[in-house]
Amino acid sequence: MEDLLKNLKLEYIMLVLIIVPLVIGMLLGMLRGSRRAALRLVLVLLCVVAAFCLRGVVTNAVLSMPVDGQTLEQAIISQLPEDAAQLGDNLMPIVRLLVTVVLFLTLFFVIKFISWVIIYPLCKLFVKKARIKKDGTRGKKHALIGGVIGLVQGAAVAVVLCFVFNGLLVNMGNLMESVDVLQQSSNGGTNASIVMTEENAENGVSGTENGGLSADMFTVFNDYKQSGISQTINKIGGDKAFNMVASVKTEDGKTLTLTGQLDAINAMVKMVKELVSLNNKLNEMSDQLKGGLNGDITSAITDVFNALDDICVNMTDESKETVNGIVQTLAGNLDIGVEVDMSVLDFTTISFKNEGQVITSLTEYKDKDFSEMTAEQAEQEAKEIVNLVMESNIILPMLSANSDFTVGLTDVNHDLAAGVIEDLERDGTADQKKVDMLKKFFGLSEGSAEGDNGGQNP
């Protein structure tokens, strides 16, 4: 099996799906002649349109079929593992979209077969072949033109097959990437990564040795995604055509695509991986954290948040809204080892780069010389940094919960920050939960690493 996977080339299968319809279409076109070849071409194109238009209706009918006193859709949701049952409403669009794609192909071939067996013979009665010449042969040019038209018909079939299977294979590769990251994480890997790294490939290590997916299987899909044939199909609109086929309308009029839904899961897994990675880095740097912010700590945090921002920027609006829905569903149950309330994050508007900038600004504030400032200027600086930290939905809760973390403020700016936080608490500008986190963050509460000494001496 492993040898089969190593030698499997999906791009060769795609070439077969292209060449076979072209050859068959051309040969049949030559036999039919130009007129009947044109008739068959029109019928095939109508089959594509009919399959596309009927796919949604048939999908609804199939998923509404009764199964043991419930619909097929409800039956599928009931089969989800217990820990994923609450995600039924979030995962069902993916199931519905997969069913839609399968039914589109099924409808296309069923309608195409019906048109060939019933409609085409009836239409032939009205579309005659070219006249027979006096020597008893038909004009060669009609056979040649018929072959060209048949080639176009074959191309139409090839396009349907290639666009659909290319979309499925690319999305399958993305999904496998997400599954592998989850498997690596669940097996205790501190830095979950894709199994097929260059190092693993050189050492002959497979993913199954670590409890993950087969490295050979991942390579097969990854090689196909990067192959010239896949990229060419996408360049000529294959990905867009696939999204049209693999799409459904929601009750509120939004369009969901299989690519958008799977990209959301893939992006979410990668973001969780980055946050877990950050938590592990902070644990490894616990001794440095006790000494206050420095360049290494700032760089480690900002690097992760820049990576998170890159992931978020590359997400479509559909994927961002899907991630929001999943996070809201899992609110309170999403344990990633980081003290962050994921439910308050809005992935359609959040800027992870700005979250990382909080640490950069805080480091700059810590190192400022307040002796050359007026009291008003120093107080304004303190207000700006406290308000910046207060607006954070990730940095503030994550670092305030870390008992080793200390900003490393001098006595002067420590007292200034304390005064600003006291004003926030007294005025009711911030809720008590936020005030408590700010106190822990700036080392103003009992038991915090910085609160024990009231800050560092200048």
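Thresholds applied
- Residues numbered from 1 in each chain as written.
- Predicted model: local features only at pLDDT ≥ 70, side-chain atom pairs only at ≥ 80, totals over all residues.
- Heavy atoms only, no water.
- Helix = DSSP H or I, 4+ residues; strand = E, 2+ residues; numbered from the N terminus.
- Buried < 20%, exposed > 50% of the residue type's maximum accessible area, 1.4 Å probe, protein only.
- Contact = heavy atoms within 4.5 Å.
- Areas by Shrake-Rupley, 256 points an atom, 1.4 Å probe, with all protein chains shown as cover.
- Axes fitted to C-alpha atoms, helices over the stretch in contact; angles between N-to-C directions.
- Parallel < 35°, antiparallel > 145°, perpendicular 65-115°, else oblique.
- Left-handed = near helix turned anticlockwise from the far one by under 90°.
- Arc of directions from axis to C-beta.
- Polar contact = N/O pair within 3.5 Å; in protein donor to acceptor, adjacent residues only side chain to side chain.
- Core = buried A, V, L, I, M, F, W, Y, C linked by side-chain atoms within 4.5 Å.
- Phe/Tyr/Trp six-rings, centres within 6.5 Å; stacked < 30°, edge-to-face > 60°.
- Lys NZ or Arg CZ within 6 Å of the ring centre and 35° of its normal.
- Salt bridge = Lys/Arg side-chain N within 4 Å of Asp/Glu carboxyl O.
- Patch = residues over 30% accessible without salt bridge, like charges linked within 9 Å, V, L, I, M, F, W, Y side chains within 5 Å.
- pLDDT = per-residue confidence, 0-100.

1. Thoughts on the overall build of the protein
- Per the secondary structure count, the protein includes 18 helices and 4 strands.
- Residues counted as buried form 44% of the 458 residues belonging to the protein.
- Taking all contacts inside the protein whose residues are at least 6 apart in sequence as the whole, residues at least 24 apart take part in 78%.
- Counting every atom, the protein has about 23,900 Å² of accessible surface; 57% of that belongs to carbon and sulfur.

2. A word on the packing of helix α17 (residues 411-427) against helix α18 (residues 432-441)
- Two numbers describe how α17 lies on α18: the axes approach to 10 Å, and their chain directions differ by 170°. Looking at the two axes, α17 sits roughly antiparallel to α18. Read as a crossing pair, α17 and α18 show a hand that is left-handed. Contacts between α17 and α18 involve I421, L424 and E425 on the former and, on the latter, Q432, V435, L438 and K439.

3. Here's the deal with the packing of helix α15 (residues 375-390) against α18
- At their nearest, the axes of α15 and α18 sit 10 Å apart, and the two run at 120° to each other. As judged from the angle between their axes, α15 and α18 are oblique. Both α15 and α18 take part in a crossing whose hand is right-handed. Taking contact as the criterion, the partners of V386, V389 and M390 in α15 are, on α18, K434, L438 and F441.

4. A closer look at the environment of V152
- Within the secondary structure, V152 sits in helix α5 (residues 140-186).
- In this structure, the C-alpha to C-alpha distance between V152 and L41, residues 111 residues apart in sequence, is 7.5 Å.

5. Structural notes on unusual backbone geometry
- Although it is not a glycine, D68 adopts a positive phi angle of roughly 55°.
- Looking at where D68 falls in the secondary structure, it is placed in the loop between β1 (66-67) and β2 (70-71).

6. Some points on α18
- Looking only at α18, the buried set comprises K434, V435, M437, L438 and F441. The arc that holds every buried residue of α18, seen down its axis, measures 165°, which confines them to one face.
- Buried residues along α18 sit in contact with α14 (352-366), α15, α16 (395-400) and α17.
- Its side-chain oxygen at 3.2 Å from the backbone nitrogen of K433, D431 defines the N-terminal cap of α18.
- Backbone geometry just after α18 places G443 at a positive phi near 70°.

7. Considerations on the nonpolar core
- By size, the foremost hydrophobic cluster in this structure holds 81 residues, and its most contacted members are F441 and F442.
- Here the element with the most residues in this core is helix α10 (residues 258-284); it accounts for 11 residues.
- Ignoring any residue separated from it by four or fewer positions in sequence, one finds F441 in contact with L362, V389, I395, L396, L399, S400, F405 and V407.
- The next biggest cluster of nonpolar side chains, apart from the first, holds 11 residues, and it includes L10, V220, I229 and I233.

8. Side note on the packing of aromatic side chains
- Here the structure, examined in full by the defined rule, presents 4 aromatic pairs.
- Plain terms: the ring middles of F441 and F442 are 5.2 Å apart, the flat faces sit at 65° to each other, and that makes the pair edge-to-face.
- Across from the ring centre of Y120, 5.2 Å away, lies the NZ or CZ of R32, which sits over that ring.
- One Lys or Arg, R40, reaches over the ring of Y120 and ends 5.9 Å from the middle of that ring.

9. As for the environment of E364
- Tracing the sequence through the fold places E364 in helix α14.
- Separated by 71 residues in sequence, E364 and L293 have C-alpha atoms that sit 9.8 Å apart.

10. Observations concerning the pattern of salt bridges
- The full count for this structure, using the stated rule, is 5 salt bridges.
- For R426, the salt bridge goes to D423, with nearest N and O atoms at 2.2 Å. Remark: D423 and R426 occur in helix α17; sequence separation between them is 3 residues, near one turn of the helix.
- Judged by relative accessible area, R426 falls into the exposed class, the value being 58%.
- Residue class for D423 comes out partly exposed when judged on its relative accessible area of 28%.
- Residues E425 and K439 are paired through a salt bridge, measuring 3.1 Å at the closest nitrogen-oxygen approach. Linking E425 in helix α17 with K439 in helix α18, this pair joins segments that are 14 residues apart in sequence.
- We classify E425 as partly exposed; its relative accessible area is 32%.
- Of the residues examined, K439 reaches a relative accessible area of 23% and is grouped as partly exposed.

11. Observations concerning a nonpolar patch on the surface
- Taken together, the side chains of V110, F113, I114, W116, V117, I118, I119, L122, L125 and F126 present a nonpolar region at the surface, about 1,000 Å² in accessible area.
- Counting through the fold element by element, V110 comes out in helix α4 (residues 88-124).

12. Some words on the side chain of R96
- Considering the arrangement of structural elements, one finds R96 in helix α4.
- One polar contact links R96 to E73, side chain to side chain, over a distance of 3.0 Å.

13. Observations regarding the side chain of S34
- Turning to its location among the elements, S34 is positioned in helix α2 (residues 10-63).
- Taking the relative accessible area as the measure of exposure, S34 reaches 13% and is therefore buried.
- Residue contacts for S34: discarding those within four places in its chain leaves H142, I145, G146 and I149.

14. Here's the deal with the confidence of the model for the protein
- Per-residue pLDDT for the protein has a mean of 80; in total, 80% of the residues score no lower than 70.
- Across the protein, the element-wise mean pLDDT spans from 43 in helix α6 (residues 198-203) up to 94 in helix α9 (residues 238-245).
- Counting contacts from residues 188-212, a segment whose pLDDT is below 50, to residues more than four positions away or on other chains yields 44 contacts.
- Overall, residues 452-458 carries pLDDT values under 50, and its contacts beyond four positions in sequence, including any with other chains, amount to 15 contacts.

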